[in-house]
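Structural description and commentary
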Amino acid sequence: MSEEHTAVYTAWYLFEPVAKALGPKNANKYLLKPLIGAYESPCRLHGRFYLYTDCFVAQLVVRLGLQAFLVHLLPHVLQVLAGAEASQEEGKGLVGTTEDEESELPRSGPGSCAFGEDIQIDGDPAASSGLGLPDYRSGVSFHDQADLPDTEDFQAGLYVAESPQPQEAEAVSLGQLSDKSSASEASQGEERGGDDGGAPMDKNSLQSGDSSQDLKQSEGSEEEEEEEGCVVLEEEEEQDDVTGASELALSDTMLSMETVVAPGDGQDREEEEEPLTEQAEGKEQKILLDTTCKMVRWLSAKLGPTVASRYVARNLLRLLTSCYIGPTRQQFTVSGGESPPLSAGNIYQRRPVLGDRVSGPVLSCLLHIAHLYGEPVLTYQYLPYISYLVAPGSNSSPSRLNSRKEAGLLAAVTLTQKIIVYLSDTTLMDILPRISHEVLLPVLSFLTSLVTGFPSGAQARTVLCVKTISLIALICLRIGQEMVQQHLSEPVATFFQVFSHLHELRQQDLQLDPKVCTEGQLPEATFSDGQRRPVDPSLLEELQKVFTLEMAYTIYVPFSCLLGDIIRKIIPNHELVGELAGLYLESMSPSARNPASMEPSMPSAGPEWNPQGGGCFRDDGHSGTFGSVLVGNRIQIPDSQPESPGPLGSMSGVGVGGLSNRSEDNALKRELPRSAHGLSGNWLAYWQYEIGVSQQDAHFCFHQIRLQSFPGHTGAVKCVATLSSEDFFLSGSKDRTVRLWPLYNYGDGTSETAPRLIYAQHRKSVFYVGQLEAPQYVVSCDGAVHIWDPFTGKTLRTVDPSDSRVPLTAVAVMPAPHTSITMASSDSTLRFVDCRKPGLQHEFRLGGGLNPGLVRSLAVSPSGRSVVAGFSSGFMVLLDTRTGLVLRGWPAHEGDILQIKAVEGSTIVSSSSDHSLTVWKELEQKPTHHYRSASDPIHTFDLYGSEVVTGTVANKIGVCSLLEPPSQATTKLSSENFRGTLTSLAVLPTKRHLLLGSDNGITRLLA
């Protein structure tokens, strides 16, 4: 993997078998560093997008462990979205350009990224990437693209694949993939796609996942588990929206084909060789971005709200800043989709910079998370982060910004603009004071500062100025004149005031220059408002380059239209700025003599302020609400509109005509559709708490917040176990069934979830259920052991006791990479079975000459080198699994052993009917810690890091520490949150949730 030309294929073909053989601990030790190297490699590795497919990422999650993947690998995986290569090689113009071209496809405005598609796909996290890139629903698999030769021009077939039956087209592509595709896996995907409501993207996402990697029967089941994360999100959504989204995505791809691909085609006919190579590179990069976006959406849905916000959204927000670092990414660009640059007449339409194009995929993924989990993501996670980005530095002395702070300001304004569009009217008015004081005023303080310089000079300040104009204009359009006067007068006045300051400084220029700067102190100038402000003379040139006549025109005209007469009340120096704007207009168009005549022509120029034109330009119909009447928060469109191409004619039609991605980008307001997984009630309360908790907090906090219920068992729930990826769990019951349940959030905490699969092959009460990590099989026991596939429900093997009078009393599975199961029978015999081959591996007698009773519980050490057996007499035996020798036997408790768990560091935790919970070191005589329950024995417990979460029949949940000093906290479950008697318990360590099984057959998820 250290070789560039083999890294991708080594990871693709060898990671799964090697990591499976190594187990999670050794896989992290030996494979993590090479994997990070492959993701971090700055060069363009051929076929690199294979590493970003959801099926490969699913393998990383399973084989490295969810926590290790999220902490160590996910930040490196996501970096490709921000154009990490381009930022690393900023000197190479070609790399940066390619990155931008491919992210640009549907976006004529900066960072617009076809959010309409994104949000209209109700509950479809994995279908369209929102980038206008190849969509798997069109029947083309990314693998086919990778296998085509560079010289083959396949754009027409790839981007404009009008496939009436996407499912069949996808099925056709399965055979073209590689020798690794498996017919059985594909057919399983088809069955599941059909069962889940027949939505084409469900099936295709499964097929692309199943066909894109050889998961070898052992991994196939887990892979389908991972893919089911997509399905469960999509299956309950309305089909109409889905169909509409498909058509929209198709039309967008066709448009992007016309605007981007067609021009290239014409030129490439004449000069074949080099352009084709560059084109092929561009295509591969487009596929890479598309694949990564698809994977991020799938992962965000799979992880659930708290983990997605904590790991995915936080990393994406950090990446957004790096999209704007460096002078290269702050250069204005001309959008490929526009014919004349001045044809767009929208007040809040921004001039795109290179960074806007690069940030498109990041913004798309961020808004998808908001669509998935609802508006609170925008207001409780994104806005506080924006406030953090724009907050002034800790040192109050004026200083030069660093390049990251400068990029952070640009990212913050861009993201705020996206957020404003998706906020409802009520929410916008509620948080408007916060936006004004925590976002707009800090940005304007940097922008209009006379003492703070920008590392990239006037260019960065100009870009920030243009972005801030469009942001404030957008808010003004949303809230109406009266609300602007009430809430935004200070930011608007501050913005305009800088022209007065510079005008006065020009007049005082001779007085200011002779002043000698004393050490560490800047000269001060007196302004007309009577205040003295420090001024950095070296910055005057930069400020004068930014706040030119052109900029005065760009600011004055939109706000004079938007605010009308109110401009006189809230902007004291509006006459000065109006004069400057008039001078600019006069210089550009001598026929115009006064600011009044420029107001009608304003929308034709808008913030584009391109010096090439000043007359009337053809408007593209995206002019927001100019010429319309603003009534409070409502925009009243007049009925009679002039037909002329003049601006006031067509500017009131928001989103009418033009390219669809244009109208989506320039919409004043877009609904954030309700997703089945939107946060509300208890889920919202828990999520708000959780995103504020430090990730380094090692303590398990139980708040008794009820999140979900899982009814269905007709008998008591005897055991619960979570799957390693924490998106499904298993429960075994007295009703002789094992059920597989999805762990995706629904509703407000009171909703009930149906099982995904019911395994009903047991003949007696099921007392044990667990997962064999290496092959991803389920092991359940009712006196006989059943090994079965968790996604097909097919029994793979049954291990019956050798004598029906000697049933199995305890079972434990060996940790990965082992594939063995250890079983204890009522005659105190320990047997080992390998699920891959028939017969027994080993058989050991535990009792010796003693009669310790029945084996009640078994635990295998995390290394797999020892097994601990607990007997009904309170006796415990430690056995070496490699030699079969009994290392130690000791009377640990006075009553029955109820449960045993083994922890890293040769530690054993045991609970007994004598009301005690004891922590032992394997070969030490005395216990390390000893906890005693006052009233009831601890009959069930689970581990969370260095803590033990315990449960008693009195419905008390306790948290005990394994470290010094010993500590114990207990909470009584309220009858409102948990009814019945607690019978079993499991902890979801990454999500910090508790699964509680009860004697009435209902399992509940609490936090």
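The structure we're discussing is the one just above.
Keep in mind the model is a prediction, meaning the values are calculated, not measured.

What follows covers the overall build of the protein chain. On a plain count of helices and strands, the protein chain comes out with 31 helices and 32 strands. Looking at the protein chain as a whole, 62% of its 1007 residues are labelled buried. Long-range contacts, defined as pairs at least 24 residues apart, comprise 67% of the intrachain contacts of the protein chain with a sequence gap of at least 6. For the protein chain, the accessible surface area stands at approximately 36,700 Å², while carbon and sulfur atoms represent 52% of it.

Counted according to the given criterion, the structure contains 20 salt bridges. Its salt-bridge partner being Arg992, residue Glu690 comes within 3.0 Å of it at the nearest N-O pair. Of this pair, Glu690 sits in helix α31 (residues 681-691) while Arg992 sits in the loop between β30 (982-988) and β31 (993-998), and the two are 302 residues apart along the sequence. On the basis of relative accessible area, Arg992 is assigned to the buried category, the value being 10%. Between Asp880 and Arg882 there is a salt bridge; the shortest N-O distance is 3.5 Å. Take Asp880: its relative accessible area is 10%, and that puts it in the buried class. Each of the salt bridges in this network shares a partner with another, and the network as a whole consists of Asp425, Arg478, Lys669 and Glu671.

Now for the sheet that holds strand β16 (residues 829-834). Taken in spatial order, the four strands line up as β14-β15-β16-β17 in an open sheet, and their pairing is antiparallel. Bordering the open sheet on either side are β14 (808-813) and β17 (842-845), each of which pairs with just one other strand. Between one strand axis and the next, the sheet turns through 20° on average, direction left out of account. Alignment of β14 against strand β15 (residues 820-825), held across five bridges, turns out to be antiparallel. Paired with Ala812 across the strands is Thr822, a residue of β15.

This brings us to the sheet that holds strand β6 (residues 717-722). Reading across the sheet, the four strands line up as β6-β7-β8-β9 and stay open at both edges, with antiparallel pairing between neighbours. Only two strands of the sheet have a single neighbouring strand rather than two, namely β6 and β9 (757-759). Neighbour-to-neighbour, the strand axes of this sheet turn through a mean angle of 20°, independent of strand direction. Taken together, the five bridges between β6 and strand β7 (residues 728-733) define a ladder with antiparallel strand orientation. Each bridged residue has a counterpart across the sheet, and for Thr722 the counterpart in β7 is Phe729.

With that out of the way, let us pick up unusual backbone geometry. That bond from Ala816 to Pro817 is cis: its omega, 10°, falls within 30 degrees of zero. Residue placement: Pro817 occurs in the loop between β14 and β15. The backbone of Ser906 sits at a positive phi, close to 55°, despite the residue not being glycine. By the element assignment, Ser906 lies in the loop between β22 (897-903) and β23 (907-912). Here Ser906 falls in the partly exposed class, since its relative accessible area comes to 39%.

All right, on to the side chain of Thr829 then. Along the chain, Thr829 falls in strand β16. According to the relative accessible area criterion, Thr829 is buried, its value standing at 2%. Here Asp827 takes part through its side chain, which lies 3.1 Å from a polar atom of the side chain of Thr829. Discounting chain neighbours no more than four positions away, the residues touching Thr829 are Met823, Ala824, Glu843, Phe844 and Arg845.

Within β22, five of the seven residues are buried, which leaves the element mostly enclosed by the surrounding structure. With six bridges joining them, β22 and β23 adopt antiparallel strand pairing. From the neighbouring strand, Ile897 faces β23, where its bridge partner is Ser912. Hairpin connection, β22 to β23: the antiparallel pair is bridged by three residues, and Gly905 has positive phi, about 85°.

Reading the values: rules and limits
- Residues numbered from 1 in each chain as written.
- Predicted model: local features only at pLDDT ≥ 70, side-chain atom pairs only at ≥ 80, totals over all residues.
- Heavy atoms only, no water.
- Helix = DSSP H or I, 4+ residues; strand = E, 2+ residues; numbered from the N terminus.
- Buried < 20%, exposed > 50% of the residue type's maximum accessible area, 1.4 Å probe, protein only.
- Contact = heavy atoms within 4.5 Å.
- Areas by Shrake-Rupley, 256 points an atom, 1.4 Å probe, with all protein chains shown as cover.
- Salt bridge = Lys/Arg side-chain N within 4 Å of Asp/Glu carboxyl O.
- Pairing = 2+ DSSP bridges.
- Axes fitted to C-alpha atoms, helices over the stretch in contact; angles between N-to-C directions.
- Polar contact = N/O pair within 3.5 Å; in protein donor to acceptor, adjacent residues only side chain to side chain.

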